[in-house]
Amino acid sequence: MAHIELRNVTKKFGNQTALRNLDLEIADGEFFVLLGETGAGKTTTLRLVAGLEKPTEGQVFIDGVDVADWGAAERDVALVLQQYSLYPRYTVRQNLEFPLKSKLRRVADAEIAERVARVAKTLRIENLLERKTDRLSGGEMQRVSIGRAIVRNPRVFLMDEPLSALDAKLRESLRTELKNIQMNLGQTFLFVTHDQIEAMSMGDKIGVLNNGKLVQSGTPNEIYNNPKNTFVARSVGSPPMNLIDGKLVDGRAVMKAASFELPYAGANGAATEGRALTFGIRPEDVRVESGAPIEAMVHDIENHGVEKILTLRVGETTLRATVPALTDVAIDKPVRFSWDAERVVLFDKASGDSLQHSA
Ligand SMILES: Nc1ncnc2c1ncn2[C@@H]1O[C@H](COP(=O)(O)OP(=O)(O)O)[C@@H](O)[C@H]1O
Ligand SMILES: [Mg+2]
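Residues numbered from 1 in each chain as written. Chains lettered and ligands numbered in written order. Predicted model: local features only at pLDDT ≥ 70, side-chain atom pairs only at ≥ 80, totals over all residues. Heavy atoms only, no water.

## Topic: helix H5 (residues 138-151)
Since there are 3.6 residues in each turn of an α-helix, residues three or four apart along the chain are aligned in direction.
In step 1: The end-to-end C-alpha distance of H5, which contains 14 residues, comes to 20 Å, matching closely the 20 Å that a straight helix rising 1.5 Å per residue would cover.
In step 2: Counting buried positions over the 14 residues of H5 gives eleven, a clear majority of the element.
In step 3: Those residues of H5 that fall on the buried side of the exposure criterion are Gly139, Gln142, Arg143, Val144, Ser145, Ile146, Gly147, Arg148, Ala149, Ile150 and Val151.
In step 4: After H5 finishes, the residue Asn153 shows a positive phi value of roughly 55°. (Helix = DSSP H or I, 4+ residues; strand = E, 2+ residues; numbered from the N terminus. Expected span 1.5 Å × (residues − 1). Buried < 20%, exposed > 50% of the residue type's maximum accessible area, 1.4 Å probe, protein only.)

This is the structure we're talking about:
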């Protein structure tokens, strides 16, 4: 168990800045997901916590102790990577035993056997224990890699996109499994990914990293419903939030390009009246129904079984709407829509910052 804190951490590689003034706090027993695109600084963050890199500025704390002088072994963290690092000519059992057989640890044989059995059960790989690891599927190998981390009982689990090399179906099932394992162990997980669905479905908390900077940190709900800026708004949700330029006039959201307007339910002070804004509206909050105030053309329809994702056109503006599968629509035919005025998020157009946050 461990509490992790990065305080004002900057990491430079030569003249390349990988992380800038990063403040990050992960509670004991929390599943924290760092979400960011390639190059955002995710791996660097993990390596700093693991003790494989030193910050250029700032400090890393584990359980309140500045670990600047601690090597990787002393920090007692387990790092699981996207590329499994198993010993190919050995069995699953041997691979699970290795971390416990180090001279430093001196774990008794009986305890090794017991821990391996427990981990194998947790990960449902009991039937694979005597198999050579080069005979395993990708999903099985990744389970064994995770097993190698768990068997050591480290203070913290650091996971660097461990599911990204797997196919979609397996990724989905391992997502659930990993989340269950974390809940059962009650351990601190710092999991990094570029996959917003992983972040939303697994994280107790999500930190959104952009270009070495933490843009927002919060629960999946906060990140989804109250994004701090348009970058975060675009980072989660599929399809992403509609972002439409316009302004507020007398409590109406007036869309510039399309010259349509709809009610806006939020605070409508002098600060927002007439100012250039971006209206953020989630596709599931767009309502397609006859009698709604605005007409749009259906440009595209994607079927997703239980629902359809429509691309609507109003003049030059396109927006996406997630509607029930039975909604009667056809490409190039008109429909009428409104939106859930209560759920609109307003951003300052120039800065992209949410008015809900800066207010
Ligand atoms: N050892 C290194 N030497 C030079 N640049 C590095 C090194 N490690 C990472 N970087 C740079 O730091 C930035 C962040 O990298 P990284 O932490 O690997 O991002 P991510 O894991 O989010 O893809 C990138 O621009 C990358 O090129
Ligand atoms: Mg990386």
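Back to the text.
## Points about the site of ligand 1
In step 1: Lining the immediate environment of ligand 1, one finds Phe13, Gln16, Ala18, Glu37, Thr38, Gly39, Ala40, Gly41, Lys42, Thr43 and Thr44.
In step 2: Contact distances for ligand 1 include 2.6 Å between an oxygen atom and a backbone N or O atom of Gly39.
In step 3: The side chain of Thr44 places a nitrogen or oxygen atom 2.5 Å from an oxygen atom of ligand 1.
In step 4: A total of 560 Å² of accessible area belongs to ligand 1 in isolation, and the protein chains cover 61% of it.
In step 5: For the shell around ligand 1, the elements supplying multiple residues, two or more each, are strand S2 (16-26) and helix H1 (42-50).
In step 6: Among the elements that line the shell around ligand 1, the one with the most residues is H1, at three residues.
In step 7: Broken down by class, the residue content of the shell around ligand 1 amounts to three nonpolar, six polar and two charged. (Near = heavy atom within 4 Å. Polar contact = N/O pair within 3.5 Å; in protein donor to acceptor, adjacent residues only side chain to side chain. Areas by Shrake-Rupley, 256 points an atom, 1.4 Å probe, with all protein chains shown as cover. Nonpolar A, V, L, I, M, F, W, Y, C, P; charged D, E, K, R; others polar.)

## Some details on the sheet that holds strand S15 (residues 286-288)
In step 1: With antiparallel pairing, five strands are arranged side by side in an open sheet as S15-S19-S16-S17-S18. Only two strands of the sheet have a single neighbouring strand rather than two, namely S15 and strand S18 (317-324). Geometrically, the sheet is characterised by an average inter-axis angle of 45° between neighbouring strands, direction not taken into account.
In step 2: Bridge count for strand S17 (residues 307-314) against S18 is eight bridges, and the pairing is antiparallel. Following the sheet pairing, Arg313 is matched in S18 by Thr318. (Pairing = 2+ DSSP bridges. Axes fitted to C-alpha atoms, helices over the stretch in contact; angles between N-to-C directions.)

## Regarding unusual backbone geometry
In step 1: Looking along the chain, the bond that leaves Ser238 and enters Pro239 is cis, with omega of -5°.
In step 2: Here Pro239 is to be found in the loop between helix H9 (230-235) and strand S11 (242-249).
In step 3: Positive phi, close to 40°, is recorded for Asn21, a residue that is not glycine.
In step 4: As for its position among the elements, Asn21 is in strand S2.
In step 5: Phi is positive for Asp332, close to 70°, though the residue is something other than glycine.
In step 6: For Asp332, the position within the fold is in the loop between S18 and strand S19 (334-339).
In step 7: On the basis of relative accessibility, which here comes to 55%, the residue Asp332 falls in the exposed class.

## Considering the packing of H5 against helix H6 (residues 168-185)
In step 1: Running from N to C, H5 and H6 cross one another at 15°; their axes reach a closest spacing of 11 Å. Viewed along their axes, H5 and H6 adopt a mutual orientation that is roughly parallel. Crossing handedness for the pair H5 and H6: right-handed. Contacts between H5 and H6 involve Gly139, Gln142, Arg143, Ile146 and Ile150 from the former and Leu170, Leu174, Glu177, Leu178, Ile181 and Leu185 from the latter.
In step 2: Tallied by class, the residues present in the contact of H5 with H6 amount to seven nonpolar, two polar and two charged. (Parallel < 35°, antiparallel > 145°, perpendicular 65-115°, else oblique. Left-handed = near helix turned anticlockwise from the far one by under 90°. Contact = heavy atoms within 4.5 Å.)

## Quick notes on the side chain of Arg75
In step 1: Tracing the backbone shows Arg75 in helix H2 (residues 72-75).
In step 2: Although Arg75 is buried, it forms no salt bridge, and the closest oppositely charged side chain is Asp66 at an N-O distance of 6.9 Å.
In step 3: Polar contacts involving the side chain of Arg75 include one to the main-chain carbonyl oxygen of Trp70, which spans 3.1 Å.
In step 4: Here Arg75 is in contact with Leu48, Val49, Ala50, Gly51, Ile62, Val67, Ala68, Trp70 and Arg155, once residues within four sequence places are set aside. (Lys, Arg positive; Asp, Glu negative; His and termini not counted. Salt bridge = Lys/Arg side-chain N within 4 Å of Asp/Glu carboxyl O.)

## Quick word on the sheet that holds strand S1 (residues 4-13)
Adjacent strands of a sheet form backbone hydrogen bonds with each other and so pair up, either parallel or antiparallel.
In step 1: The strand order across the open sheet formed by four strands is S2-S1-S4-S5, and the pairing between neighbours is antiparallel. Looking at the sheet topology across the chains shown, the edges are occupied by S2 and strand S5 (65-66).
In step 2: Here seven bridges tie S1 to S2, and the two strands are oriented antiparallel to one another. By the bridge assignment for S2, Leu6 is matched with Leu24.
In step 3: Against the sheet, H1 touches S1, S2 and strand S4 (57-62), its axis set at about 115° to S1.

Remember that the coordinates give geometry; whether it matters functionally is a separate question.
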